[in-house]
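Structure at a glance
One letter stands for each residue in the lines below.
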Amino acid sequence: MASSSDVTPPAGDTPEPETGQEGAFAPDTGGAPTRRGRVRLRRAAVLAVPAAAVTAGLAILTAQGALGVQFAISGMPFTVTATELDGKGFAQFGGLDNMAEGSPNAGDTGGQVLVVTSVIKEAKLTKLCQSVDLGGTNLLITAGEGDTRVSASDLTTDSTFLSGDAAFNNIEIGNDASTLDKAGPKGRGPIGVFSQQADTVQIKNLRQTNYATTAGVFKLPGLKLRFSGSGC
């Protein structure tokens, strides 16, 4: 797969990532994600997640007005893991999430978080774990550890980090996000934004750092919610 790392955003429009930042945009240091500097709303550098674990990043391009979700995020990242994810109808494109005005979690980001939005029309997950660090303790949610898997429709995640062993069927890379059709209407992004889509996706040993998740239907068999000294 060809890499598009030689594409350079216009000067002054995109902040440089800070040293030690964890996520899809910098080497994983094992620590908490470092917040980016302020990102301008109308011009944000967009990085597509690799199509497979062995490939390089797809591209960094300029997007205008890219919004991954339609609600104000808390600005607190949370971790999601699963031993396996199987999806039908996959789409992925860059986005920009916004916190509520005056959020104490904004820091020096201006209340904005650059994300990669992944949409799966129908998803099934095995041994789902979700945790959020509350400072000294973690809110931990687990499900799908028995014979019945977690299932979701129109599953959308806004992530700054994604890892795992991935396989795609009939993948298309480099689409304009506004033309995507494999994940349904929810899987269509803003015009002019770099994107990819596939008929199916399978990711083993999935690990994500997310800022938002939405779904049309989310079924969590064997759901357990508790506080824990460790996260996922």
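Residues numbered from 1 in each chain as written. Predicted model: local features only at pLDDT ≥ 70, side-chain atom pairs only at ≥ 80, totals over all residues. Heavy atoms only, no water.

The chain carries the name Cholesterol esterase in an unreviewed UniProt entry, which gives Streptomyces pactum as its organism.

Notes on the side chain of aspartate 154
Summarising the element assignment, aspartate 154 is placed in strand β7 (residues 150–169). For aspartate 154, a relative accessible area of 16% translates into the label buried. Apart from the residues lying within four places of it in its own chain, the contact partners of aspartate 154 are Ile120, Lys121, Ala183, Lys186, Thr214, Ala215 and Gly216. (Helix = DSSP H or I, 4+ residues; strand = E, 2+ residues; numbered from the N terminus. Buried < 20%, exposed > 50% of the residue type's maximum accessible area, 1.4 Å probe, protein only. Contact = heavy atoms within 4.5 Å.)

Some points on the environment of leucine 125
Within the secondary structure layout, leucine 125 lies in strand β4 (residues 112–126). Owing to a relative accessible area of 4%, leucine 125 belongs among the buried residues under this scheme. In this structure, leucine 125 is in contact with Ala82, Glu84, Leu85, Arg149, Val150 and Leu206, ignoring residues within four places of it in sequence.

Quick look at the side chain of serine 151
Structurally, the position occupied by serine 151 is in strand β7. We classify serine 151 as buried; its relative accessible area is 17%.

Points about the state of the cysteines
In total, this model carries 1 disulfide according to the counting rule given. Bridging cysteine 129 to cysteine 232, the disulfide has an S-S length of 2.0 Å. A torsion of -85° about the S-S bond marks the disulfide between cysteine 129 and cysteine 232 as left-handed. Placement of cysteine 129 in strand β5 (residues 128–133) and of cysteine 232 in the segment after β11 (224–228) is noted, with a sequence separation of 103 residues between them. Residue cysteine 232 is classed as partly exposed on the basis of its relative accessible area of 23%. (Disulfide = S-S within 2.5 Å.)

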